[in-house]
Amino acid sequence: MIRSYPRNGPEALARVLAMTMITDAAVDDSEIELFERLRIFGMIGISRAGFAQVLQDYCRDIDATAGGRLAASHDVVEAVIADVKDPEKRLLACAMMLSVCYADGRLDESELALMRYVLRRWNLTIESLQALDVAPPRRSPGERPRARHLRRERRWGEDVGMRRRRSETLVE
């Protein structure tokens, strides 16, 4: 049985991201670094320790529900996303999910399937995510700018090298 959190609460958003993180059967260091770099903990209103607890609880819940399989069933996904009802929080959650999916530099097929499912269930599109304007994190004086916006951490499904190679091919 998947535990329930207060609707639209920080734990509900954190659990959606936790589900996204383990969809490819591995929690990558780059995903945690992304949370720090983009200040996702602050955006969803949870501490790093609080997120770790939600992640641990989610893993326990899915282990008990799915018999040890990390892949979440449709019922589990439905239970996880049911606690996020606010349209703005859904949009923000999907933008963060996409960044988490691509944190390791590639989109795994299971991550892509989860993204498509959640977007469809919440009646969102990639275009609605692209229109999202998430304020960039504040920088210290002298710190290099990072991603201008959460949605621009990486181009949709492309890496920087791919764009560079494509532009070099067009110039030749």
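If you're wondering where the values come from, they're calculated on a predicted model, not measured in any experiment.

> Would you mind going over the packing of aromatic side chains with me for this structure?
Each aromatic ring pair is described using two quantities: the centre-to-centre distance and the angle formed by the ring planes. Taken as a whole and assessed by the stated rule, the structure comprises three aromatic pairs. Taking 4.8 Å as the distance between ring centres and 50 degrees as the angle between the ring planes, the aromatic pair formed by Phe35 and Phe51 counts as tilted. Taken together, the positions of Phe35 in helix H2 (residues 29-37) and Phe51 in helix H4 (residues 48-66) put the pair 16 residues apart, joining distant regions of the chain. Residue Phe35 shares its accessibility class with Phe51, and that shared class is buried.

> Would you explain the state of the cysteines in this entry?
Disulfide: a covalent bond formed between the sulfur atoms of two cysteine residues. On inspection of all chains with the given rule, the structure shows zero disulfides. In this model Cys101 remains outside any disulfide bridge; the closest cysteine sulfur is found in Cys94, 9.8 Å from its own. Given a relative accessible area of 0%, Cys101 falls into the buried group.

> Where do I start with the nonpolar core in this structure?
With 47 residues, the main nonpolar core has Leu17, Phe51 and Cys94 as its most contacted residues. If you list the elements that add at least two residues to this core, you get helix H1 (10-22), H2, helix H3 (40-44), H4, helix H5 (74-81), helix H6 (87-101) and helix H7 (109-121). Excluding residues that lie within four positions of it along the chain, Leu17 makes contacts with Phe35, Ile40, Ile44, Phe51, Ala93, Met96, Met97 and Val100.

> Just checking my understanding: could you explain H1 for this structure?
In a regular helix each residue adds 1.5 Å, so 13 residues correspond to 18 Å; H1 covers 19 Å between its end C-alpha atoms and thus fits that length. Taken across its 13 residues, H1 has 11 buried, putting it largely inside the fold. Looking only at H1, the buried set comprises Ala12, Leu13, Ala14, Arg15, Val16, Leu17, Ala18, Met19, Thr20, Met21 and Ile22.

> What is the right way to read the environment of Thr125 from this model?
Mapped onto the elements of the fold, Thr125 is located in the loop between H7 and helix H8 (126-130). Sequence spacing of Thr125 and Leu91 is 34 residues, and the spatial spacing of their C-alpha atoms is 9.4 Å.

> Is there a simple way to think about unusual backbone geometry in this case?
For residues besides glycine, phi is generally negative; the peptide bonds are generally trans as well. Of note in the backbone geometry, Asn8 takes a positive phi value of approximately 65 degrees without being a glycine. Mapped onto the elements, Asn8 comes out in the segment before H1. One non-glycine residue, Asn123, adopts positive backbone phi at about 55 degrees. When you line up the elements, Asn123 lands in the loop between H7 and H8. Overall, Asn123 belongs to the exposed group, its relative accessible area being 69%.

The rules behind these values
Residues numbered from 1 in each chain as written. Predicted model: local features only at pLDDT ≥ 70, side-chain atom pairs only at ≥ 80, totals over all residues. Heavy atoms only, no water. Phe/Tyr/Trp six-rings, centres within 6.5 Å; stacked < 30°, edge-to-face > 60°. Helix = DSSP H or I, 4+ residues; strand = E, 2+ residues; numbered from the N terminus. Buried < 20%, exposed > 50% of the residue type's maximum accessible area, 1.4 Å probe, protein only. Disulfide = S-S within 2.5 Å. Core = buried A, V, L, I, M, F, W, Y, C linked by side-chain atoms within 4.5 Å. Contact = heavy atoms within 4.5 Å. Expected span 1.5 Å × (residues − 1).

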